[in-house]
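The lines below spell out each chain.
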Amino acid sequence: MIDQVVKAFTDASFLIALLVGVAVFATVFTIMPSLTGNPLKGRMKAVALERDELRARQRARLAAETGRRRAGLREEQSVGMRNIVERLDLRRALVDEGTLNKLKVAGFRGQNPLTRFLFFRLVLPFVGFALAAVYVFLLGGFADKPLFVKLFVCILAAYGGFYAPVLYVNNRATKRKQSIQLAWPDALDLMLICVESGMSVEAALRRVADEIGSQSVDLAEEFVLTNAELSYLSERRVAYENLASRTGLETVKSVTQALTQAERYGTPVAHALRVLASESRDMRMNAAEKKAAALPPKLTVPMILFFLPVLFAVILGPAGIQVSQRGVFGDQQSSSE
């Protein structure tokens, strides 16, 4: 099998086909963002739907206090996934507070993403085990290995399928936190300008969401959702706490605490925002300096593998050519004599 792989990679036609495939994939990956449209509009539409849902829930709560019950808006879910998750009671077995927080930080809110997450955690282990079994037992993979190793590979594939949704959510949450972290100092500066110009916090959040959307769609979405919660929740403190829990960042948490204290004790909001914006810019600069300081160790191995051989070839190449030419000329002179 190894000989076939080596033969395939040494074949010129296979290498050309592989390069063409890579080029086509890179082209499609490059032009795909232009075909999908503006992601900010889709996010804002989703936030508008969630705002309508929040409004319906608030109306239902007020109606229940007066003795009337009304049903709020419900998210559309796949009936099959929901029935399987509820029948097997996967929420009790696989869901805890950390899982819910991680889904919120990743941008998945509501029951529909949770249902899909649990469904895929149930199905993917069987899918991974089946694919590994087909590869090992039907296609002849690991033919020279004993049965124990083959079963271990199948179990390992099932284990990977079980944790694949968790890895996806963690990756999504990390990217989302990085996007919000990079745009947060600029958003605070814009919010400070809006507050000092006389805008309320709700109007400032809406204005900053429109401006910061080109830099971070996730942060703009959070601002619009926080604006909706400030309008419809009974306590404004809850809206700020929800913003901090959805982002999962300490810088955002400190700002929300400052806004809560400013509204509770009547302290100026602009002063707190100015101090926090300065601290956020310093933290972003420190993170950039930390990455810059870590570059020399990371560049050591690439320099040894790629730069030094080329440098040696450039320096020693002319000397080697001269030595070889002198040897040829010496052989010619000795043969002529």
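Quick note: structure is the one above.
Overview of the structure.

How each quantity is defined
- Residues numbered from 1 in each chain as written.
- Predicted model: local features only at pLDDT ≥ 70, side-chain atom pairs only at ≥ 80, totals over all residues.
- Heavy atoms only, no water.
- Helix = DSSP H or I, 4+ residues; strand = E, 2+ residues; numbered from the N terminus.
- Contact = heavy atoms within 4.5 Å.
- Core = buried A, V, L, I, M, F, W, Y, C linked by side-chain atoms within 4.5 Å.
- Buried < 20%, exposed > 50% of the residue type's maximum accessible area, 1.4 Å probe, protein only.
- Axes fitted to C-alpha atoms, helices over the stretch in contact; angles between N-to-C directions.
- Parallel < 35°, antiparallel > 145°, perpendicular 65-115°, else oblique.
- Left-handed = near helix turned anticlockwise from the far one by under 90°.
- Nonpolar A, V, L, I, M, F, W, Y, C, P; charged D, E, K, R; others polar.

What to know about the side chain of T256
- With respect to the element layout, T256 can be found in helix α12 (residues 250-265).
- Once you skip the residues sitting within four places of it in the chain, T256 turns out to touch Y240, L243 and A244.

Some details on the nonpolar core
- With 34 residues, the main nonpolar core has M191, L219, F223 and L273 as its most contacted residues.
- At the level of secondary structure, the elements contributing two or more residues to this core comprise α8 (147-196), α9 (201-212), α10 (217-232), α11 (236-247), α12 and α13 (269-293).
- Among the elements that take part in this core, α8 stands out by supplying 9 residues, more than any other.
- Beyond its immediate stretch of four places on either side in the chain, F223 contacts W184, A187, M191, L205, V208 and A209.
- Counting 13 residues, the second-largest nonpolar core is a separate cluster that includes M81, L90, V105 and V169.

Some details on the environment of M303
- With respect to the helices, strands and loops of the structure, M303 is situated in helix α14 (residues 295-336).
- Contact partners of M303, with chain neighbours within four places excluded, come to L308 and P309.

Structural notes on the packing of helix α6 (residues 97-105) against α8
- Contact geometry of α6 with α8 gives a least axis separation of 8 Å together with a crossing angle of 50°. As the angle between them shows, α6 and α8 are arranged oblique. Here α6 and α8 pass one another in a crossing that is left-handed. Together, K102, L103, K104 and V105 of α6 and V169, N170, A173, R176 and K177 of α8 make up the contact between the two elements.
- Partitioning the contact of α6 with α8 into residue classes produces 4 nonpolar, 1 polar and 4 charged.

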